[in-house]
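# Inside the fold
Listed below, chain by chain, are the residues.
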Amino acid sequence: MIRLAPSILSADFSRIGDAVRMAEDAGADMIHLDIMDGHFVPNLTLGPQAVASIKKTTQLPIDVHLMVEKPGFFIPLFHEAGADWISIHVEASTHLHRDISLIKELGRKAGIALNPATPIHLLNDILKDLDYILIMSVNPGFGGQKFIDSTHQRIRQLRSWISGQNLSIPIEVDGGINPANAENLIRDGAEILVVGASIFAAEDPVRVISRLKEIMAKENRP
Ligand code: DX5
Ligand code: ZN
């Protein structure tokens, strides 16, 4: 199943509830929330209190992308705030197995995010424990950046590696995605598309979501 996860990073932060409701009504499958700490990435965004408020505005699963140092400290806080999916960066976690185990013990979906230049094979010894993998297609920190083309190749390699191990782990892709590159990403093997600026900076966000959902419906695999 191919899923659309709008990232509200490029929405008007004074009206986040409206943005989330619009995305849900237009057909989004989950809501992607970018948590930035000003250390792992040079930007600051939402804390657990904001996530808990956003959670109340939607029935959709909340996908929390932790771009923070020491993710182990933050996992329980965002679990408490209502995160359904939690991803941590491989580059930020000193105790990857411990952090992933913690997310799973808390009953949430556990994912690892990789920056664009991080080798995918770093996941070798933890692959089978993962509920999803988040491939960054921009350098994390800001919305509205240009998609890095080598991501296509990385997704194809990761998809064939996962299948070769007889595993079924969805690949989420995040950064610079729009209706023009979505189709190829799905063909590469991506199953969750995170889309920020091309929805929320558009004149007609509902139309962009509809267009993306049309592309996904066409490419949807059983
Ligand atoms: C970047 C974030 C992304 C971002 C994607 O650090 O992780 O989720 O919001 O936004 P666009 O689609 O604008 O690149
Ligand atoms: Zn993100």
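Treat the numbers as computed from the prediction; the structure is a model and nothing was measured. (Residues numbered from 1 in each chain as written. Chains lettered and ligands numbered in written order. Predicted model: local features only at pLDDT ≥ 70, side-chain atom pairs only at ≥ 80, totals over all residues. Heavy atoms only, no water.)

## What to know about the coordination of the zinc ion (ligand 2)
When four donors bind a metal tetrahedrally, each ideal donor-metal-donor angle is 109.5 degrees, and when six bind octahedrally, the ideal angles are 90 or 180 degrees. Note the threshold: Any nitrogen, oxygen or sulfur atom within 2.8 Å of a metal ion counts as a donor, with the limit raised to 3.2 Å for Na, K and Ca, and since water is left out, coordination shells can look unfinished. Under the classification used here, a metal with four donors is tetrahedral if each angle lies between 85 and 135 degrees, square planar if opposite donors are over 155 degrees apart and the others between 65 and 115, a six-donor metal meeting that same test is octahedral, and anything else is irregular.
Around the zinc ion (ligand 2), the protein supplies H32 (NE2), D34 (OD), H65 (ND1) and D174 (OD) as donor atoms, at distances of 2.0 to 2.3 Å. Note that the zinc ion (ligand 2) binds six donor atoms; their angles at the metal cover 71 to 169°, and the shape is octahedral.

## Here's the deal with the site of ligand 1
Selection rule: To be near a molecule or strand, a residue needs just one of its heavy atoms within 4 Å of it. Here a polar contact is taken to be a pair of N or O atoms separated by no more than 3.5 Å, where protein atoms must pair a possible hydrogen donor with a possible acceptor and residues adjacent in sequence count only if both atoms sit in side chains. Secondary structure elements follow DSSP: runs of H or I of four or more residues count as helices, runs of E of two or more count as strands, with numbering from the N terminus. In this count, Pro and Cys sit with the nonpolar residues alongside Ala, Val, Leu, Ile, Met, Phe, Trp and Tyr, while Asp, Glu, Lys and Arg are called charged and the others, Gly among them, polar.
Around ligand 1, a shell composed of 20 residues is seen, among which S7, G141, G144, D174 and G176 lie nearest. At 2.6 Å, a side-chain N or O of D174 approaches an oxygen atom of ligand 1. The contact in question runs from an oxygen atom of ligand 1 to an N or O atom on the backbone of G176, over 2.8 Å. Ranked by residue count, the leading element in the shell around ligand 1 is strand β2 (residues 31-36), at three residues. Looking at the shell around ligand 1 residue by residue, the classes come out as nine nonpolar, nine polar and two charged.

## Considering the packing of helix α1 (residues 16-26) against helix α8 (residues 205-219)
Counted only if it meets this: In this analysis, axes come from line fits to C-alpha atoms, helices being fitted only over the stretch in contact, and the angle between any two N-to-C directions falls in the range 0 to 180 degrees. Orientation labels follow simple angle bins: below 35 degrees gives roughly parallel, above 145 gives roughly antiparallel, 65 to 115 gives roughly perpendicular, and whatever is left gives oblique. Handedness of each helix crossing follows the sense of rotation of the near helix against the far helix: counterclockwise by less than a right angle gives left-handed, clockwise gives right-handed. Working rule for contacts: check all heavy atoms of both residues, and any pair within 4.5 Å makes them a contact.
Where α1 meets α8, the closest approach of the two axes is 9 Å, and the angle between their N-to-C directions is 40°. Viewed along their axes, α1 and α8 adopt a mutual orientation that is oblique. Judged by the twist between their axes, the crossing of α1 over α8 is right-handed. On the side of α1, the interface is formed by M22, A23 and A26, while α8 contributes P205, V206 and I209.

## Considerations on the nonpolar core
The condition is simple: Residues enter a nonpolar core if they are buried and are Ala, Val, Leu, Ile, Met, Phe, Trp, Tyr or Cys, with the set joined through side-chain atoms within 4.5 Å. Working definition: with a 1.4 Å probe on protein chains only, accessible area under 20% of the residue-type maximum means buried, over 50% means exposed, and in between means partly exposed.
Core analysis: the biggest nonpolar cluster contains 64 residues, and L33 and I133 have the highest contact counts within it. Setting aside residues no more than four positions away along its own chain, I133 makes contact with I112, L114, L123, L127, L158, I162, I169, P170, I171 and E172. Within the second largest apolar cluster, six residues are counted, among which are M30, W85, I192 and V194.

## Brief notes about the packing of helix α5 (residues 151-164) against helix α6 (residues 179-188)
At a closest axis distance of 8 Å, the pairing of α5 and α6 adopts a crossing angle of 25°. Taken together, the axes of α5 and α6 are roughly parallel relative to one another. For the pair α5 and α6, contact is made by H152, I155, R156 and R159 and by N181, N184, L185 and D188, respectively.

## A few points about helix α3 (residues 71-81)
How we decide: Directions are taken from the helix axis to each C-beta atom, and the arc is the one they span.
Here α3 has its buried residues at P71, I75, F78, H79 and A81. When α3 is viewed along its axis, its buried side chains cluster within an angular range of 150° and face the same direction. Those residues of α3 that are exposed and aimed more than 90 degrees away from the buried face are F73 and E80. Directly after α3, the chain includes G82, whose backbone phi takes a positive value near 110°.

## Points about the packing of aromatic side chains
The condition that has to hold: Each Phe, Tyr or Trp ring, with Trp reduced to its six-membered ring, pairs with another whose centre is within 6.5 Å; inter-plane angles below 30 degrees give stacked pairs, above 60 give edge-to-face pairs, and intermediate values give tilted ones. Consider the ring centre and the ring normal. A charge sits over the ring if Lys NZ or Arg CZ is within 6 Å of that centre and within 35 degrees of that normal.
For the coordinates displayed, the defined rule picks out two aromatic pairs. Seen from the ring of W85, K109 lies directly overhead, with NZ or CZ sitting 5.8 Å from the centre.

## Section: the sheet that holds strand β4 (residues 85-89)
Basically, it comes down to this: Pairing between strands requires that DSSP locate at least two bridges from one strand to the other.
Spatially, β1-β8-β7-β6-β5-β4-β3-β2 is the arrangement adopted by the eight strands of the open sheet, whose pairing is parallel. Edge strands, defined here as strands with exactly one partner in the open sheet, are β1 (3-6) and β2. Looking at each pair of strands side by side, their axes are set apart by 25° on average, direction ignored. As paired elements, β2 and strand β3 (residues 62-67) share six bridges and run parallel to each other. Looking across to β3, one finds that D34 is bridged to H65.

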